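Residue-level listing of the chains:
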Amino acid sequence: MSTHPTNPGHAHNETADGSCGGHGANPEALARTGAEDVAECPVMTGTTVIKAEAEAAGLVRHHRGQRYWLCCDACGPLFDADPERYIA
């Protein structure tokens, strides 16, 4: 397990290609999803999220009238503790 480079407090399993194991959208599902239905996780920048999957998993936050989709359970508490850090 290593620490995410853009978020030192966020541990994850890193794959051989440097991506977060278990984070982000499945490449096949992403290929079938329109651009308007995907978002980038604000906590783990660069991690693509399929909005419907995040919604189903409860990985959605609202802040200042804006909706944010998260890539994993670990991102929720981090975002909740300091949303301004992640949306700036």
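Coordinates for the structure precede this section.
Summary of the structure given here. Counting of residues starts from 1 at the beginning of each chain's written sequence and follows it residue by residue. With the structure being a predicted model, the display of local features is reserved for residues of pLDDT at least 70 and the display and counting of side-chain atom pairs for 80 or more, all residues being used for whole-chain, interface and lining totals. Note that the side-chain values use all heavy atoms of the structure and ignore hydrogens as well as water.

Another aspect to go through is the side chain of histidine 63. Within the fold, histidine 63 resides in strand 6 (residues 60–63). What makes histidine 63 buried here is its relative accessible area of 18%. Any pair of residues with heavy atoms lying within 4.5 Å of one another is described as a contacting pair. In this view, histidine 63 contacts Tyr68, Phe79, Pro83, Glu84 and Ile87; residues no more than four positions away in its chain are not counted. Note on conventions: DSSP H or I runs of at least 4 residues are helices, E runs of at least 2 residues are strands, and numbering of each starts at the N terminus. Only protein chains enter the accessibility calculation, which uses a 1.4 Å probe; a residue whose area is less than 20% of its type maximum is buried, one above 50% is exposed, and one in between is partly exposed.

Regular strands place their side chains on alternate faces of the sheet. A strand pair is defined by DSSP finding two or more bridges across the two strands. Relative to strand 7 (residues 66–69), strand 6 runs antiparallel, the two sharing four bridges. Its bridge partner lying in strand 7, arginine 61 is registered against tyrosine 68. Linking strand 6 to strand 7, which pair antiparallel, is a turn of two residues; within it arginine 64 sits at a positive phi near 50°.

Let's shift gears to the packing of aromatic side chains. Under the pairing criterion, centres of Phe, Tyr and Trp rings, with the six-membered ring standing for Trp, must be within 6.5 Å; the plane angle then separates stacked pairs below 30 degrees from edge-to-face pairs above 60, leaving the rest tilted. What the rule picks out here adds up to two aromatic pairs. Plain terms: the ring middles of tyrosine 68 and phenylalanine 79 are 5.3 Å apart, the flat faces sit at 45° to each other, and that makes the pair tilted. Residue tyrosine 68 is located in strand 7, and its partner phenylalanine 79 is located in helix 3 (residues 75–81); the two are separated by eleven residues in the primary sequence. For tyrosine 68, a relative accessible area of 17% gives the class buried. One cation-aromatic arrangement involves lysine 51 over tryptophan 69; the distance from NZ or CZ to the ring centre is 4.4 Å. When the NZ atom of lysine or the CZ atom of arginine is within 6 Å of a ring's centre and also within 35 degrees of its normal, the charge is said to sit over that ring.

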